[in-house]
Amino acid sequence: MPLAASPDSPLPQRLATLLVGLVLVGVGVALTIRAELGVAPYDVLTTGLADLTGLPLGLAAMLLPAGFVLLGWGLGRRPGPGTLLAVLLVGPILGLVVAGLPQVEALAPRAGMFAVGFLAVAAGITAVIVAEIGPGPAEIVMLAIHERGYPLAPVRTGIEVTCVALGWAMGGQVGAGTVVVALLIGITLRWMLAVAGYRSPVAADAAEAAAPGA
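Notes on the structure follow. Predicted model only: the values in this text are computed from it and were never measured. For every chain, the first residue of its written sequence is number 1, and the numbers climb from 1 along that sequence. Totals for whole chains, interfaces and linings use all residues, but because this is a predicted model, local features are given only for residues with pLDDT of at least 70 and pairs of side-chain atoms are given and counted only at 80 or more. Each side-chain value is worked out from all heavy atoms of the structure, with water and hydrogens disregarded.

Quick look at the layout of surface pockets
Counted as a void, the largest pocket has a volume near 1,100 Å³. Definitions used for this entry: grid spacing 1 Å over protein atoms alone; cavity, a set of points where a 1.4 Å probe fits but cannot get out; pocket, an open set with protein on both sides within 12 Å along at least 5 of 7 lines; lining residue, one with an atom within 4 Å of a point. Forming the walls of the largest pocket are 46 residues, and the residues nearest its centre are Ile125, Val128, Gly136, Glu139 and Arg156. In this classification, Asp, Glu, Lys and Arg are treated as charged, Ala, Val, Leu, Ile, Met, Phe, Trp, Tyr, Cys and Pro as nonpolar, and every other residue, Gly included, as polar. Across the lining of the largest pocket, the residue classes break down as 31 nonpolar, eight polar and seven charged. Grid points are joined across faces, edges and corners, and a volume is the space filled by probe spheres set on the points.

Topic: the pattern of salt bridges
Between Lys or Arg on one side and Asp or Glu on the other, a salt bridge is scored when a side-chain nitrogen of the former is within 4 Å of a carboxyl oxygen of the latter. For the structure shown, the criterion picks out one salt bridge. As a salt-bridge pair, glutamate 147 and arginine 77 come within 2.1 Å of each other at their nearest N and O atoms. In this pair, glutamate 147 is assigned in the loop between α6 (137-146) and α7 (152-170) and arginine 77 in the loop between α3 (57-74) and α4 (81-100), connecting sequence segments 70 residues apart. For arginine 77, a relative accessible area of 23% corresponds to the partly exposed category. Only DSSP runs of H or I reaching four residues or more are called helices, and only runs of E reaching two or more are called strands; each is numbered from the N terminus. Here the term buried applies to any residue with accessible area under 20% of the maximum for its type, exposed to any over 50%, and partly exposed to those in between, with areas from a 1.4 Å probe on protein chains only.

Some thoughts on the packing of aromatic side chains
Each aromatic ring pair is described using two quantities: the centre-to-centre distance and the angle formed by the ring planes. The rule is short: rings of Phe, Tyr and Trp, with Trp giving its six-membered ring, pair when the centres are within 6.5 Å, and they are stacked under 30 degrees, edge-to-face over 60, tilted in between. This structure, assessed with the given rule, holds one aromatic pair. With centroids separated by 5.3 Å and ring planes inclined at 50°, the aromatic side chains of tyrosine 42 and phenylalanine 68 adopt a geometry described as tilted. Here phenylalanine 68 lies in helix α3 and tyrosine 42 lies in helix α2 (residues 41-53), a separation of 26 residues in the sequence.

Digging into the nonpolar core
Grouped together as the largest cluster of nonpolar side chains are 33 residues, with contacts concentrated most on Phe68, Leu94 and Ile159. Elements with a minimum of two residues in this core: α1 (11-35), α2, α3, α4, α5 (107-131), α6 and α7. Sort the elements by how many residues they give to this core and α1 lands first, with six residues. The contact definition used throughout considers only heavy atoms, calling two residues in contact when any of these lie within 4.5 Å. Those residues in contact with isoleucine 159 that sit more than four places away from it in its chain are Phe68, Ala138, Val141 and Met142. Grouping buried Ala, Val, Leu, Ile, Met, Phe, Trp, Tyr and Cys residues that are joined through side-chain atoms within 4.5 Å yields what is termed a nonpolar core.

Remarks on the environment of threonine 53
Of note, threonine 53 is situated in helix α2. A relative accessible area of 43% means that threonine 53 is categorised as partly exposed. Spatially, the C-alpha atoms of threonine 53 and methionine 170 are 9.1 Å apart, while their sequence positions differ by 117 residues. As used in this structure description, the phrase polar contact means that two N or O atoms lie within 3.5 Å; if the pair is within protein, one of them must be able to donate a hydrogen and the other to accept it, and residues adjacent in sequence are counted only when both atoms belong to side chains. At a separation of 2.6 Å, a polar atom in the side chain of threonine 53 contacts the main-chain carbonyl oxygen of leucine 49. Polar side-chain contacts of threonine 53 include one of 3.2 Å to the backbone nitrogen of leucine 55.

Here's what the structure looks like:
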């Protein structure tokens, strides 16, 4: 079954696209965590929560997005089916992949692991955007605040800065990789969405919101 190419694609195609995207996100995040070069701002909070509480990473990666969903819902933004699937699937996938990956000391293979993980995450987010079956947990909060009259990109930047600050205080992974993700994820998403031939205001907003400091 081909992946969805637009919001008008049949629902089974969009669902397949969403599931592929969630798997890619889970695998990609696991690779960046195992590379130990710094993770995306949202994942700094995940790793910090796991470090502080002793919870398995997969469980922390379920509880944190569930908290974002409840916060966004409380602010007036209802989650979609895709949002709930993200909460249920990404954490367990991440946990399984992290547990199966070897611990690597040398910098070169860790850098390669991070690069592959970054591209997998970007491809996964692209698929989730294309599917349009509900925003991700962090996007629920972002959109809820945006709908109260605040610009989209600064809201997203504020959420990510808060995630880094709280996660770092908890002992989460912060490093050069965190900066790389912050600088490149917006550009990469815009490029991948263009390659996918996807045109939608949602795509433009999502990619712009991922650009730091915009």
